[in-house]
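Summary of structural features
The chain contents come next:
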Amino acid sequence: MLFLPHVPVQMMNVRENTSLLALNTFRVDVNTRYHIEVSDVQDIRNFIGSELHAIQPRMILGGGSNVLFTGDYNGCILHPSIKGIEKTSEDKGSVMIRTAAGENWDDFVRYCVENGWCGLENLSNIPGTVGASPVQNIGAYGSEVRDSIETVEAIDLETGRTRVFSNRQCRFAYRNSIFKSELKNRMIITHITFRLKKDHNFNTSYRELNKELSLYPETNLGNIRDAVITIRKRKLPEVEALANAGSFFKNPLVDQTGLDSLKRSHPEIPFFKDAYGSIKLSAAWLIERCGWKDRRIRNVGTYKLQPLVIVNYGGASGSEILEFTQKIQRSVQDHFDIVLETEVNII
Ligand code: EPU
């Protein structure tokens with residue numbers, strides 16, 4: 001444990017018994033006992049040295065776009081709002097960009113595209129913060145953030161020490177990392193260094209992206225970003241119009257034996273081999289097959305164009321949303337003997 005002087009709570013940016021309504025994209029109306037905004041490394045150290053450090057439970061909340069609160073949060077929420085983007089080194093083929101956790105993800109992606117740095121363009125238009133991106137290893141259109149991460153800097157909330165995780169130490173997997181598993185809520189990510197390419201070898205093999213790009217005169221970073229934004233706008237509801245948290249479930253992974261047995265009863269089942277050799281099934285397809293596409297119960301429903309997205313039509317409570325999703329899980333389990341795991345963090 002580092003020696004940290006006792007810090008009076010008055011020195012911190014703390015709100016007590018405050019609403020989370022605007023801070024979660026499901027627009028669930030709940031309160032948190034404490035909300036603490038940390039805008040630099042010193043703020044985090046101050047928190048560790050304060051009496052609030054003893055309060056449990058504790059969680060880290062970025063943009064609130066991957067979380068479902070099922071009730072009031074009777075603990076401390078830490079919200080990193082650390083800002084800053086800097087180029088730390090550069091060689092012939094690549095640049096290293098160190099970005100603070102509180103930067104908006106999509107603003108950062110746009111900045112990279114505008115500078116001609118390649119690697120994140122397929123991840124355009126994803127809501128949330130830079131600091132949240134490695135936690136669930138965000139991915140879309142054939143890319144994952146792990147492909148571009150060099151290191152992740154974080155502060156251990158138990159000891160106050162800074163740790164630098166190499167890409168391998170982050171233990172990235174499909175929608176997972178060490179920050180979402182063993183070290184969940186223990187490490188607060190402060191900065192991420194991305195290795196981005198100056199020579200462009202685009203990743204446009206995802207079928208839908210490839211098709212969209214064929215409408216453009218040429219394939220370049222800006223057009224890839226535009227194409228991704230167009231596809232996402234077409235398929236996914238904007239949170240400002242219809243509250244949601246993106247894909248609610250993960251796409252299930254199966255082995256060859258599992259796939260063979262599913263194919264016997266459902267020969268038409270779609271599956272995808274990902275870059276790491278896993279066999280991925282389409283959760284959207286499984287849900288649709290169970291009759292859940294564009295279904296609504298009171299204020300909760302599946303989105304009409306993409307049943308993997310659960311929407312709050314307004315006023316739904318977190319437990320109402322959870323109940324709805326559990327009905328979907330039961331249907332898929334009864335019909336396909338597959339357990340859909342949630343992608344969204346249920347609190
Ligand atoms: N599909 C259906 N019915 C539908 C929609 C899709 O059956 O109404 C099936 C089709 O077989 C289609 C397949 O689902 O080929 C894949 O659809 P899509 O390309 O939309 O991808 P997804 O599996 O639904 C994943 C990510 C998204 C990401 C897209 C694009 C997960 C859990 N979700 O969705 O990520 O944007 O791929 O790469 O892996 C998120 O994580 O919040 C998210 C939106």
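Residues numbered from 1 in each chain as written. Predicted model: local features only at pLDDT ≥ 70, side-chain atom pairs only at ≥ 80, totals over all residues. Heavy atoms only, no water.

Turning our eyes to something else, we now look at the site of the ligand. The full set close to the ligand counts 26 residues, and Y141, Y206, E288, K293 and E343 are the nearest of them. Note that an oxygen atom of the ligand is positioned 3.5 Å from one of the backbone N or O atoms of W285. One nitrogen or oxygen atom from the side chain of E288 is found 2.6 Å from a nitrogen atom belonging to the ligand. Secondary structure elements with two or more residues in the shell around the ligand: strand 8 (139-140), helix 4 (221-235), strand 13 (243-247), helix 6 (283-289) and strand 19 (306-312). When residues of the shell around the ligand are assigned to domains, at least three fall in each of domain 2 (85-233) and domain 3 (243-346). (Near = heavy atom within 4 Å. Polar contact = N/O pair within 3.5 Å; in protein donor to acceptor, adjacent residues only side chain to side chain. Helix = DSSP H or I, 4+ residues; strand = E, 2+ residues; numbered from the N terminus. Domains from an automatic or database assignment.)

Counting buried residues in helix 1 (residues 41-48) gives six out of eight residues, a clear majority hidden from the surface. Within helix 1 the residues assigned to the buried category are D43, I44, R45, N46, F47 and I48. A side-chain oxygen of the first residue of helix 1 lies 3.2 Å from the backbone nitrogen of Q42; this N-cap is D40. (Buried < 20%, exposed > 50% of the residue type's maximum accessible area, 1.4 Å probe, protein only.)

This brings us to the nonpolar core. It is characteristic of soluble globular proteins that their nonpolar side chains tend to be buried jointly. Ranked by size, the top nonpolar core spans 39 residues in total, and within it F26, F69, I328 and V332 carry the most contacts. Every element with two or more residues in this core is listed here: strand 4 (67-68), strand 5 (73-80), helix 5 (256-265), strand 16 (279-281), helix 6, strand 19 and helix 7 (318-336). Composition of this core by domain shows at least three residues from each of domain 1 (9-80) and domain 3 (243-346). Beyond its immediate sequence surroundings of up to four residues, F69 is in contact with L20, N24, V28, V30, M59, L61, I77, G318 and I347. Judged by nonpolar contacts, the second largest core, of 38 residues, contains W117, C118, I138 and I189. (Core = buried A, V, L, I, M, F, W, Y, C linked by side-chain atoms within 4.5 Å. Contact = heavy atoms within 4.5 Å.)

With that out of the way, let us pick up the side chain of N24. Residue placement: N24 occurs in the loop between strand 1 (13-19) and strand 2 (31-38). N24 gets classed as buried once you look at its relative accessible area, which sits at 0%. Of note is the side chain of N24, whose polar atom sits 2.8 Å from the backbone oxygen of L20.

In space, the three strands of this open sheet follow the order 14-16-15, with antiparallel pairing throughout. At either end of the open sheet lies a strand with only one pairing partner, and these are strand 14 (253-254) and strand 15 (271-273). Sheet topology note: the strand 15/strand 16 ladder contains three bridges and is antiparallel. Of the residues in strand 16, the one forming a bridge with K273 is I279. This element, helix 5, spans strand 14, strand 15 and strand 16 of the sheet and lies at about 40° to strand 16. (Pairing = 2+ DSSP bridges. Axes fitted to C-alpha atoms, helices over the stretch in contact; angles between N-to-C directions.)

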